[in-house]
Amino acid sequence: MSNDTGNGNGWEKRAKPVLIVFMLLAIVSVLMPATSLAQVDTFEFETPEQQQRFRALSDELRCPMCQNTSLSGSTGGVAEDLRREVHRMIMEGMSDEQIEQFMYERYGDFIFYKPRLKPETLLLWFGPLLFFLIGAFVLVGIWRKAKGIDAQPVQVDTETQTRIDALIAEQGKAGAGNTHR
Amino acid sequence: MNRSLAFLPVVAFLVLAVVMWRGLYLDSKELPSMLIDKPMPAFDKLTVDGQAVDNDSLPTEPFLLNVWGSYCLPCLIEHPTFMRLSESAEIPIVGVNYRDQKALALDWLEENGNPYAFSILDEPGRFGIDLGVYGAPETYLVDSKGVIRYRHVSVLDETVWREVFEPAIAELRAQEAAQ
Amino acid sequence: MLLLVNNLVLVVSAASVFLGTLFPMVYQALTDDLISIGPPYFNAIFVPLMALLVLVLGVGPISRWKKTSGRYLTTQLLWVGALSLVLGIALPLAVTLEFGFGPTLTVALASWIVLSSIKDAKNKLGNKKTLMAGLRALPLSYYGMQLAHLGVATMVVGAALTSVYSTEKSVLLGPGERMDLGGYEFEFIGAKPITGPNFRGMEATLEVYRGDELLRELHPERRLYLASGTPSTEMAIDAGFWRDLFVTLGEEKGASAWSMTIYVKPFVRWVWLGAIFMCLGGIVAAGDKRYRRALDKQAAQKRTASIEPLEPAEGVS
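Since the structure is predicted, the reported quantities are computational estimates derived from the model, not experimental observations.

Draft legend 1. Molecular detail of the overall build of chain A. Secondary structure assignment for chain A yields 6 helices and 1 strand. Counting from the amino terminus, chain A carries its helices and strands in the arrangement α-β-α-α-α-α-α. Considering only residue pairs separated by 6 or more positions, chain A has 51% of its internal contacts joining residues 24 or more positions apart.

Laid out in structure tokens, this is it:
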């Protein structure tokens, strides 16, 4: 505790108000009521799996006319109709793939928040893995350098090499068992 | 690390700036239609006047399919263009009364004029979904075989007619005459 | 060296988000077609990366800065890992009587952080005379780090468990009708008109029961703002440490029956709590003396520079 200069040169003075403001903001943001415009549909389902599928699909399908909302979050006209269609198709026993195909035929790729895997989206889906591999490669390179694995042995000419050999021979005679490494 | 690598972030930034700048002009809210060069969806419905119509009722020459509603202000704005086209018999126009109420739709037609050969009544919007409609007004150009050739989203005013539809229709008619 | 792995994960995460954000624009430029990228994509990429980050988080504090052998790490953390797995399997099973891969992974990862922190603290406190001496010897930056890591664990639990265990149901309820959800019962009492300074609306009352015990009343509203004619919903929220309850009001249908959506969201507050811990951890760590030494040194230099040199006394060289 030798370097302690006491008042820390005004650090606490600057930090305290910031800290208080921050705490207030954190508390207030947690307490504020939420306003939303979500539409409430009352669809009936026969099984909980169906309801879950409905929720999953309406979260993953995008509303075609809204800025950037899923079917579940949107109050727009088309979104309402599409939710109704999803419900109808689930009740008729269509699979998720069939429902997605139905949507694709009418609205295209735009309506999927999860981009379908096709040649054009390969870079999208494998990009992160590619980034990771490149990064890992770089890291391994740094690691190897730090360990000196790829270090080149120092090149010396024959005269210097003879002197080095002679010195080592002397060392060996003088202190057998006196190795540092 | 040699000097040239130090310029990499600058180059990356410039490339990104160009991409984003182009992106500003690209950003269209307009979805491309999935039904281009595909046949009109099958339908079997009533018109706003109560007549039964289906795909066979469609005109056998190139026509416009206009999605409209009495609640839709842009539809009112483009309405004079359709009235002109209908009065000059330039091209048949079939309407789709989308997510509307029959009584309100009939009042609207009475008040503003009816350019449509007939208007399919689509109160729940189901037919609209089959067409890939996402909001009125939308207008489709359909050929004589019932194949959708083009979709225009939003107001079809005289400028759009002149610059987009007129040439497209002329070309379509020429193609069909040649067959 | 190992500590660079967390840099790798964070950079890859940032690069992936960047890729996902720009890709639709580039796609449109190249193919003239539109594509959407949303939460399903970002979750698929982000979650595994964050899981990896959490794993490294447990190893980091225990590693020595420059060189740490694999064997040393294994002996330190073997029991931590095993115990984390056990907790991951046991806790969700005990509470929900069901096995789920998501909850198990989440609890295991969170336990991994907490247990490895405790192990590391034990190591660091182990060679001091008393616990108090040990605690005082640890620098603020260490406490900050532990607090921040605890925040990560809390947030992981909150985010992951709430997405697995949240339930919601949309129903039409008439006065006196009840609905069961997530272990609670919601009874719709009725709705009455209300007026505010700039709006008109309807306020509904729901009673929330757990078993036979009345917990509280919720008052969701449906408002119409007069100036703009915009309708809006005021969600009723019962915030709790272990779960939040929400109700949003839909519309009146028929004889004073209302459509409404009821949500039970376990652990959702932990997301915010985790974030608060992380912030506090950062602030506490920033208070560590080592960050002030440079400032202190500068200040000390300034002070000595401003002192007038004394005249040497006679006879002193």
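Draft legend 2. Inspection of the packing of aromatic side chains at higher detail. The final tally for this structure, using the stated rule, is 19 aromatic pairs over all chains. With a centroid separation of 5.6 Å and 80 degrees between ring planes, the pair formed by Tyr150 of chain B and Phe165 of chain B is classed as edge-to-face. In this pair, Tyr150 of chain B is assigned in strand 7 (residues 148-153) and Phe165 of chain B in helix 6 (residues 158-178), connecting sequence segments 15 residues apart. Residue Tyr150 of chain B is classed as partly exposed on the basis of its relative accessible area of 30%. Centroid distance Trp242 of chain C to Trp270 of chain C: 5.7 Å. Interplanar angle 45 degrees. Geometry classified as tilted. Within this pair, whereas Trp242 of chain C is found in the loop between strand 8 (236-238) and strand 9 (243-253), its partner Trp270 of chain C is found in helix 7 (residues 268-286), the two being separated by 28 residues in sequence. By relative accessible area, which is 14% here, Trp270 of chain C ends up buried. The structure contains a cluster of three or more aromatic residues connected by ring pairs, namely Phe241, Trp242, Phe267 and Trp270 of chain C. Between the NZ or CZ atom of Arg106 of chain A and the centre of the ring of Phe102 of chain A, over which it lies, the distance is 3.7 Å.

Draft legend 3. Summary view of the side chain of Thr139 of chain B. Residue and element names in this part refer to chain B. Secondary-structure assignment places Thr139 in strand 6 (residues 138-142). For Thr139, a relative accessible area of 0% corresponds to the buried category. Among the polar contacts listed, one links the side chain of Thr139 to the side chain of Asn66, at a separation of 3.0 Å. In this view, Thr139 contacts Leu64, Leu65, Asn66, Glu78, Phe82, Tyr150, Arg151, His152, Leu156 and Phe165; residues no more than four positions away in its chain are not counted.

Draft legend 4. Molecular detail of the side chain of Glu138 of chain B. All names here are of chain B. For Glu138, the position within the fold is in strand 6. Taking the relative accessible area as the measure of exposure, Glu138 reaches 0% and is therefore buried. Polar contacts involving the side chain of Glu138 include one to the main-chain amide nitrogen of Gly135, which spans 3.3 Å. Here the side chain of Glu138 touches Tyr140 through a polar contact of 3.2 Å, side chain to side chain.

Draft legend 5. A look at the sheet that holds strand 10 (residues 257-266) of chain C. All names here are of chain C. Reading across from one edge, 1-10-9-8 is the order of the 4 strands in this open sheet, with antiparallel pairing throughout. On the outer flanks of this sheet lie strand 1 (167-173) and strand 8, each paired with one strand and no other. Averaged over all neighbouring strand pairs, the angle between strand axes comes to 15 degrees, with direction disregarded.

Draft legend 6. Seen up close, the interface of chain C and chain A. With 59 residues of chain C at the contact, the number on the chain A side is 44 residues. Across the chain C to chain A interface the summed buried area is about 4,400 Å²; carbon plus sulfur atoms make up 68%. Here chain C and chain A share 1 salt bridge between them. Among the salt bridges present, the one from Arg55 of chain A reaches Glu168 of chain C, with a minimum N-O distance of 3.8 Å. Elements with a minimum of two residues in the side of chain C that touches chain A: helix 1 (3-31), helix 2 (39-59), strand 1, strand 7 (231-234), strand 9, strand 10, helix 7 and helix 8 (289-306) of chain C. By residue number, the principal contributor to the side of chain C that touches chain A is helix 1 of chain C, which donates 11 residues.

Draft legend 7. Empty space enclosed by the protein, seen in detail. Applying the stated rule across the entire model yields 2 cavities of 30 Å³ or more. Quantified by volume, the largest cavity comes out at close to 40 Å³. Taken together, Tyr107, Gly108, Asp109 and Phe110 of chain A, Pro32 and Met34 of chain B together with Asp33 and Leu34 of chain C form the lining of the largest cavity. For the lining of the largest cavity, the per-class residue count stands at 5 nonpolar, 1 polar and 2 charged. Empty space within the second largest cavity amounts to approximately 30 Å³. Lining the second largest cavity we find Asp109, Phe112, Lys114, Pro115, Arg116, Lys118 and Thr121 of chain A together with Ile35 of chain C.

Draft legend 8. The arrangement of the state of the cysteines in detail. Counting across every chain of the model gives 2 disulfides over all chains. Each disulfide pairs two cysteine sulfurs, and for Cys63 of chain A the partner residue is Cys66 of chain A, the sulfurs being separated by 2.1 Å. When the S-S torsion is 65 degrees, as for the bridge of Cys63 of chain A with Cys66 of chain A, the disulfide is right-handed. Covalent S-S linkage joins Cys72 of chain B and Cys75 of chain B, the inter-sulfur distance amounting to 2.0 Å. The chirality of the disulfide connecting Cys72 of chain B with Cys75 of chain B is right-handed, given an S-S dihedral of about 90 degrees. The exposure class assigned to Cys72 of chain B is buried, which follows from its relative accessible area of 6%. Taking relative accessible area as the criterion, Cys75 of chain B reaches 2% and is therefore assigned buried.

Draft legend 9. Region of interest: helix 3 (residues 73-87) of chain B. Residues and elements named next belong to chain B. Here helix 3 spans 22 Å end to end across 15 residues, near enough to the 21 Å set by a 1.5 Å rise per residue. Every buried residue belonging to helix 3 is among Cys75, Glu78, His79, Thr81, Phe82, Met83 and Leu85, and all of these are buried. Residues of helix 3 that are buried make contact with strand 3 (63-68), strand 4 (93-98), helix 4 (102-112), strand 6 and helix 6. With its phi angle positive at about 50 degrees, Ala89 sits one or two positions after the end of helix 3.

Draft legend 10. Quick peek at the sheet that holds strand 7 of chain B. All names here are of chain B. On the basis of which strands lie adjacent, the open sheet formed by 5 strands has the order 5-4-3-6-7 and mixed pairing. Here the strands that pair on one side only, and so sit at the sheet edges, are strand 5 (119-122) and strand 7. Sheet twist, expressed as the average angle between the axes of neighbouring strands with direction ignored, equals 20 degrees. Pairing between strand 4 and strand 5: 4 bridges, direction parallel. By the bridge assignment for strand 5, Asn97 is matched with Leu121.

Draft legend 11. Broad picture of the interface of chain A and chain B. Each side of the interface is counted separately: chain A has 18 residues, and chain B has 16 residues. Roughly 1,400 Å² of surface becomes buried between chain A and chain B when both sides are summed, with 55% attributable to carbon and sulfur atoms. Considering only the side of chain A, the residues that lose the most area to chain B are Asp81, Arg106 and Tyr107 of chain A, jointly responsible for 39% of the buried surface there. One can count 4 salt bridges joining chain A with chain B. Of the charged contacts in the structure, one is a salt bridge between Arg99 of chain B and Asp81 of chain A, with a shortest N-O distance of 2.6 Å. When contributions to the side of chain A that touches chain B are tallied by element, the ones reaching two or more residues are helix 3 (77-91) and helix 4 (96-107) of chain A. The element contributing the most residues to the side of chain A that touches chain B is helix 3 of chain A, with 8 residues.

Quick notes on the rules
- All chains use their own residue numbering, which begins from 1 and follows the written sequence.
- As a convention, the first chain written is A and the first ligand written is 1, with the rest following in written order.
- A pLDDT threshold of at least 70 governs which residues receive local features in this predicted model, and a stricter bar of 80 or more applies before side-chain atom pairs are shown or counted, although totals over entire chains, interfaces and linings include all residues.
- To get the side-chain values, take all heavy atoms of the structure and skip hydrogens and water.
- In this text, helices come from DSSP runs of H or I with a minimum length of four residues, and strands from runs of E with a minimum of two, each type numbered from the N-terminal end.
- Here, two residues are considered to be in contact whenever any of their heavy atoms come within 4.5 Å of each other.
- Between 30 and 60 degrees the pair is tilted, below 30 it is stacked and above 60 it is edge-to-face, where a pair is any two Phe, Tyr or Trp rings, Trp via its six-membered ring, whose centres lie within 6.5 Å.
- The cut-offs for exposure are 20% and 50% of the maximum accessible area for each residue type, with area from a 1.4 Å probe on protein chains only; residues under the lower value are buried, those over the upper are exposed, and the others partly exposed.
- Charge-over-ring contacts are defined here by two conditions on Lys NZ or Arg CZ: a distance within 6 Å of the ring centre and an angle within 35 degrees of the ring normal.
- In protein, a polar contact requires one atom able to donate a hydrogen and another able to accept it; more generally it is a pair of N or O atoms within 3.5 Å, and residues adjacent in sequence count only if both atoms are side-chain atoms.
- Between any two strands, pairing holds if DSSP finds at least two bridges.
- Axis geometry follows a simple rule: fit a line to the C-alpha atoms, using only the stretch in contact for helices, then measure angles between N-to-C directions, giving values from 0 to 180 degrees.
- Summed over both partners, the accessible area (1.4 Å probe) lost when two parts come together is defined as the buried area.
- Any carboxyl oxygen of Asp or Glu that lies within 4 Å of a side-chain nitrogen of Lys or Arg is treated as forming a salt bridge with it.
- The method works on a 1 Å grid over the protein atoms by themselves. A cavity is a set of points holding a 1.4 Å probe that cannot get out, a pocket is an open set with protein on both sides within 12 Å along at least five of seven lines, and residues with an atom within 4 Å of a point line them.
- Grid points are joined across faces, edges and corners, and a volume is the space filled by probe spheres set on the points.
- Nonpolar residues are Ala, Val, Leu, Ile, Met, Phe, Trp, Tyr, Cys and Pro. Charged residues are Asp, Glu, Lys and Arg, and all others, Gly as well, are polar.
- Any two cysteine sulfur atoms lying within 2.5 Å of each other are counted as a disulfide.
- Expected helix span is computed as 1.5 Å times (number of residues minus one).

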